[in-house]
Structures are given as C-alpha cells and as structure tokens.
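# Survey of secondary and tertiary structure
Read off the chains here:
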Amino acid sequence: RFTRSKAPRMSPPPSSSSSPPPGKPVVTNVLDAPPYIRRPFISSGYLIGGTVKDAFMALFTLHNETLNAWTMIWGACLSTYCLLVRLPDFRPIHILLWLAVVLHVPFAFLLHTTIGISKAYRDYYRTLDIFFLQFVSLLLTFVLGTALPGLRHRILFWMITLCIFSFNIYSTMIRRKIPDISKKRLAFDLGILVVCYSYPVLSRCGLAAVECRNGTSECDYDMFFVTAKLAFVILFGGLAFAFHFPEIFAPQGTLLDFVGNSHQIMHVMAYAAHYYEWQFMDLLSRPASHIVSYDVFVRQ
C-alpha cells in the first residue's frame, strides 16, 4: 500500500513545498519530504500525504513516526498499570501522577500519527502537544513537590514554578507561535520546567548521598538509588534528544531512521523516568520502619 524511495547520500536542497501532495500516502526520503516534516540526520522513512484513516493504518507499517506514536501508547499503558497495582494503597496524588502522562499522550500521539498529512495538521497538533506537555510538567511539580520538607518550602516552590509556567505559555504560545518556534528555543523553555520538577528529586538524592557517604544510621539507600536512576534517565533522554544521539554518528539511510533514534530514546527515557517517579512517591509514603538504613544495607 505504501511505496518507498531510496534514501539519498546528500544534503537536502531547499524546497518551496510546505505540504505533501494529495493522494495515497508515500514513504519517501528527505529530498521529497516537505521542509516542515524533516528531522536532522534522518534521511528516509518520511510518510507523506493521505488521509487521517491512512495515517492510522500506517501505524502498522514501518516509517520514521511509527515508533514515535507507539511509544506514546506504551507509556500510557505503563502509567495505567502503575496506577492499578497501587489501588489497594490508593492515594489521591496517584491520580495526579497518572494524569501527568495520560493528559499529554493523546495529542502527542495524534501529532506523530498525522504529521505527514499536511502542515496544518502538524501545526494544530503540535500546538496542543506543547501546551499539554507544559501543563503536565506543572502537575509533576505539584506531585513531586510534596517531597520537599515544610509547607512554606513547598508553597514557595509551587509559586515559583507557576510563574515559570506562565512565562513559558507567554513565550511559546503568544510571543512566539509554536509552529514557528525553533527547536533550540522550545527545548530551553521546556528544559526549565524539567529542572523545576526535578528539583525535589535532586534535593532528596543529594540528601541521601550525603547521609550514605557519612555512613549515618539515617541513610536511606532505597531513596538514593531510585532518585539517582530517575535523575540519570531524565538527563540521558534530554541530552540524546538535544544532540541527536545516536543518528548524528550514523551513515544516512540506516535503520536508525526508523528504530532507535534520539526522538524515540527521549520517549523511552521519559517513561522510564515516570516509572521511577511512581517508585519515588512510594518511598515517600513508607513507614519509618521500612526504610533501609546504613546498618541494614551493610548486613545485606
């Protein structure tokens, strides 16, 4: 149903076309893809044209948005599973943590699914995708901010984050239109929100690291390892996305155009981080008797 054209071994020339031609969808190379859909260092696998029905049917074929869309579905399933297994010990904050994924997933999924139909589809769903990505980041700051000691500390943290969120909405949706905003600027604005909701995790990780280094009996090794893994996957996913790793080192027209490129790594690392966020919240609600202390850790 979908035809493919061979990937070129050259840089793409400028093109005046902004939308794919009407008709059945075609999986093509970067030279024939409209400029709005091109990704750096991805030279083949671009699905262009067709209808919404065609775009959904194409989820069962291989092109460079297939796994971008499917990883969003898998992430929502992972978050739902994490919620369901905690129903015996359900707390209202679990719903907020779950919503921090499922509110964003539909729009990201539709963006990756319909992006090749036309620039209008891409602009519409990219706007919704970026808005809800910022909104769920705000939800995460509230959820993870409960780890901070003291009510005043939490309220100050939430107020600062709300101000940053408001500025980001102005920056991305009012001052700069999302369809025209550069990837560098967008990454900067979203990165600030990532730093905000990572702050409670990093503060807990640092505190646990100091206690473990000193060998005190108050050292919580479970907290240290979970927060360290959470920080690592956030950092690795962000850096891979920002620096186009690993496709920047690969020849043009390789399997990385379809599987294992930086965008997919960013998705996988984001959901790995979400999994560790569930574990982080579990550790916060443990009874003191369940904390793995230094003495217990040494005996183990």
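Here is a short report on the structure shown in this document.

What follows covers the environment of Pro35. Relative to the helices and strands, Pro35 resides in the loop between β1 (26-28) and β2 (46-48). The class of Pro35 is partly exposed, set by a relative accessible area of 34%. Residues Pro35 and Lys119, 84 residues apart in the sequence, show an inter-C-alpha distance of 9.5 Å.

Quick look at unusual backbone geometry now. Here the residue pair Phe245 and Pro246 is connected by a cis peptide bond, since its omega of 10° sits within 30 degrees of zero. Topologically, Pro246 is positioned in the loop between α8 (221-242) and α9 (262-284). Backbone geometry at Phe41 places phi at a positive 70°, although glycine is not the residue there. Structurally, the position occupied by Phe41 is in the loop between β1 and β2. For Phe41, a relative accessible area of 43% corresponds to the partly exposed category. For His244, which is not glycine, the phi torsion reads 55° and is therefore positive.

Looking now at the packing of helix α5 (residues 119-145) against α9. The angle between the axes and the distance between the axes are what describe a pair of packed helices. Direction vectors running N to C along α5 and α9 enclose 30°, while the axes themselves pass 10 Å from each other. Relative to α9, the element α5 is oriented roughly parallel. Contact residues: Leu140, Val143 and Leu144 in α5; Glu277, Phe280 and Met281 in α9. Looking at side-chain class alone, the contact of α5 with α9 contains five nonpolar, no polar and one charged residues.

It is worth spelling out the pattern of salt bridges at this point. The final tally for this structure, using the stated rule, is four salt bridges. One salt bridge connects Glu65 with Arg39, and the closest N-O pair in it is separated by 2.8 Å. Here Glu65 is found in the loop between α1 (52-57) and α2 (66-84), whereas its partner Arg39 is found in the loop between β1 and β2, with 26 residues between them in sequence. For Glu65, a relative accessible area of 4% corresponds to the buried category. The partner of Asp123 in a salt bridge is Arg122, and the shortest N-O contact between them spans 2.9 Å. An identical accessibility class is assigned to Asp123 and Arg122; each is buried. Linked by salt bridges that have partners in common, Lys119, Arg122 and Asp123 make up one network.

Conventions and cut-offs
- Residues numbered from 1 in each chain as written.
- Predicted model: local features only at pLDDT ≥ 70, side-chain atom pairs only at ≥ 80, totals over all residues.
- Heavy atoms only, no water.
- Helix = DSSP H or I, 4+ residues; strand = E, 2+ residues; numbered from the N terminus.
- Buried < 20%, exposed > 50% of the residue type's maximum accessible area, 1.4 Å probe, protein only.
- Axes fitted to C-alpha atoms, helices over the stretch in contact; angles between N-to-C directions.
- Parallel < 35°, antiparallel > 145°, perpendicular 65-115°, else oblique.
- Contact = heavy atoms within 4.5 Å.
- Nonpolar A, V, L, I, M, F, W, Y, C, P; charged D, E, K, R; others polar.
- Salt bridge = Lys/Arg side-chain N within 4 Å of Asp/Glu carboxyl O.

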